[in-house]
Amino acid sequence: YRANVGLKQEKIVNCEFSKVLDLDYCPEGRAIPITGYMANNEKKGELFYRLSFSYTFEHSNDKVYFAFLSPYSFTRLYRVFSRVETRLFQSSVRANCQNLNSLLEIQIETSALLYKRVQLCKTAAGVPVDCIVISGSKQKELAQYIVITARVHAAETPGSYNAEEIIYFLLGSSKIAAELRKQYTFLIVPMLNPDGVILGNTRYSIEGDDLNRCWDNPSAVHHPAIHSLKELLRNLTAEKAEIKVYCDLHGHSKRYDSFIYACHHVLSATHDSWNSTRMLTKIMARTCSSFDYHQCSFEIKPDKVNTARVVIWKEFKVMHSFTLETSIYGYTLNGRIIQFEDKDYLFIGKALMLSLYEYGVTLGKLNDPAPSLKFSKTIDEDRKKDSKLSLIHISEPTRPLYISYAVFCLKKKKKKK
């Protein structure tokens, strides 16, 4: 059962557990009401929400799961690795697997791409932290990198769904995926905190640390995943590689929709970089109807200075360094609140890739293999009729020019007379 708890104007709404389906179990199809009310913490004088529910087990020896949101396990991630590597191996030109210092490294080259899975390190509990590297074939890894990470906070499963679809998309046969692989090397760490995921932690690592608050000076002993990834990025930049984009995938428990926290604001950036940062978010907004540009933030608050996006922006000079946040509950459409489904989280990962491609074409960095392509208006084809927004088609003559991000604002649909 997945909890559906929506907050609106400081009141709890839509409280129930509803069914979810996973490969490991098939829960019952009925909803379970949740009672929610405000409670007072007498010791600290604070108010907080308290939720309660009751459930009667109907069968002996049953396993019934109750989850804050749709689960995404470490086991599922390894199923993804197994699936894609088996498929790639069947069409491989050459493949290699080796064990270096107890860390596995797999490399598969096909006629279309180069795939590598490298274990960056092992966590405090001895769990491997895997890194996926994807680029075009018949070439060395390109000097321009797009770095994507997820699940630094263990319970934020939307990030894992995003990352899974990104991997499948980049390994796919579409012309857009091929063009992205031709221009960039993608470095993806789909689970930065596997210990926390396996233990069922909400936010922290096995040692009780928030791994997204130690990027300024990570410990090789206590924060091995962050330390190893930061060292890898240092080595890349030392070899004259350029990190074009860094994206950290998160789930958000207090807001609806999907949105971005970036680092540029007008006082700390040139006019061109100010425009460029916002242009990417505008493209994302018109690519995916659950993405809300107006919730995006481009400031750096004091409590965020040690996060990945801020440290990478500051130390590695990455203009496009941001977190992609997705609500753990749902998104708003035409005044309605629609609960996210797993397929919606997957689509957001694909929408990010389409947006990066579109952004590259707009700036003249990427070729346009599909000028007649039209992006989906909404997450689900069935919801198209509900959308009041129309997209600016990619084939517009203004597209190749470096223009103000304001051009990409969503247009209102004209009413039929």
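Honestly, the confidence of the model for the chain in this entry has me stumped. Any pointers?
It should be kept in mind that the predicted coordinates are not to be read in detail where pLDDT is low. Chain-level statistics for the chain give a pLDDT mean of 79 and a share of 72% at 70 or above. Within the model, pLDDT remains below 50 along residues 5–29, and this stretch shows 69 contacts once partners closer than five positions in the same chain are excluded. Of the regions scoring below 50 in pLDDT, residues 371–417 engages in 94 contacts with residues more than four places distant in sequence or in other chains.

Which parts of the structure should I look at to understand helix H7 (residues 308–315)?
An α-helix turns once per 3.6 residues; consequently, residues spaced three or four apart project the same way. Within H7, six of the eight residues are buried, which leaves it mostly tucked inside the rest of the structure. Turning to H7, its buried residues number three or more, namely Ala308, Arg309, Val310, Val311, Ile312 and Trp313. Residues of H7 that are buried sit in contact with helix H5 (224–238), strand E12 (242–252), strand E13 (258–261) and strand E14 (320–327). Downstream of H7 by a residue or two, lysine 317 has a phi angle that is positive, lying close to 55°.

I keep staring at the nonpolar core and nothing clicks. Help me out?
Tyr115, Leu170, Leu180, Leu249, Leu324, Leu352 and Met353 are the most contacted members of the largest nonpolar core, which has 68 residues in total. Judged by nonpolar contacts, the second largest core, of 27 residues, contains Cys121, Cys214, Leu229 and Ala308.

Before we go on, may I ask you to explain a nonpolar patch on the surface in this structure?
Among the surface-exposed residues, Phe53, Phe57 and Phe66 lie close enough to one another that they form a single nonpolar patch of about 290 Å² accessible area. Of note, phenylalanine 66 is situated in the loop between strand E5 (46–52) and helix H1 (74–90).

Would you explain empty space enclosed by the protein in this entry?
Take a probe with the size of a water molecule and roll it over the atoms, and the empty space left behind shows itself. Per the stated rule, a full pass over the model turns up six cavities of 30 Å³ or more. Roughly 90 Å³ of volume is contained in the largest cavity. The wall of the largest cavity is formed by 14 residues, among which Thr123, Asp195, Ser205, Leu211 and Pro224 lie closest to the centre. When grouped by side-chain class, the residues that make up the lining of the largest cavity number seven nonpolar, five polar and two charged.

Just to check I follow, could you spell out the environment of lysine 116 for this structure?
Checked against the element boundaries, lysine 116 lands in strand E8 (residues 113–122). Linking lysine 116 and glutamate 105, residues 11 residues apart in sequence, is a C-alpha distance of 7.2 Å.

When you look at the pattern of salt bridges in this model, what are you seeing that I'm missing?
In a structure, side chains of opposite charge can pair up when their charged atoms sit close to one another. Considering all chains together, one arrives at 10 salt bridges under this definition. Between glutamate 109 and arginine 94 there is a salt bridge; the shortest N-O distance is 2.9 Å. Residue glutamate 109 is found in strand E7 (residues 103–110), and its partner arginine 94 is found in strand E6 (residues 92–100); the two are separated by 15 residues along the sequence. Between lysine 343 and glutamate 341 there is a salt bridge; the shortest N-O distance is 4.0 Å. A residue is classified by how much of its surface remains accessible, and lysine 343, at 43% relative accessible area, is partly exposed. You can call glutamate 341 partly exposed: its relative accessible area is 37%. One connected set of salt bridges, linked through shared partners, spans Glu85, Arg117 and Asp130.

How each quantity is defined
- Residues numbered from 1 in each chain as written.
- Predicted model: local features only at pLDDT ≥ 70, side-chain atom pairs only at ≥ 80, totals over all residues.
- Heavy atoms only, no water.
- pLDDT = per-residue confidence, 0-100.
- Contact = heavy atoms within 4.5 Å.
- Buried < 20%, exposed > 50% of the residue type's maximum accessible area, 1.4 Å probe, protein only.
- Helix = DSSP H or I, 4+ residues; strand = E, 2+ residues; numbered from the N terminus.
- Core = buried A, V, L, I, M, F, W, Y, C linked by side-chain atoms within 4.5 Å.
- Patch = residues over 30% accessible without salt bridge, like charges linked within 9 Å, V, L, I, M, F, W, Y side chains within 5 Å.
- Areas by Shrake-Rupley, 256 points an atom, 1.4 Å probe, with all protein chains shown as cover.
- Salt bridge = Lys/Arg side-chain N within 4 Å of Asp/Glu carboxyl O.
- 1 Å grid on protein atoms, 1.4 Å probe; cavity = no way out; pocket = protein on both sides within 12 Å on 5 of 7 lines; lining within 4 Å.
- Points joined across faces, edges and corners; volume = space filled by probe spheres on them.
- Nonpolar A, V, L, I, M, F, W, Y, C, P; charged D, E, K, R; others polar.

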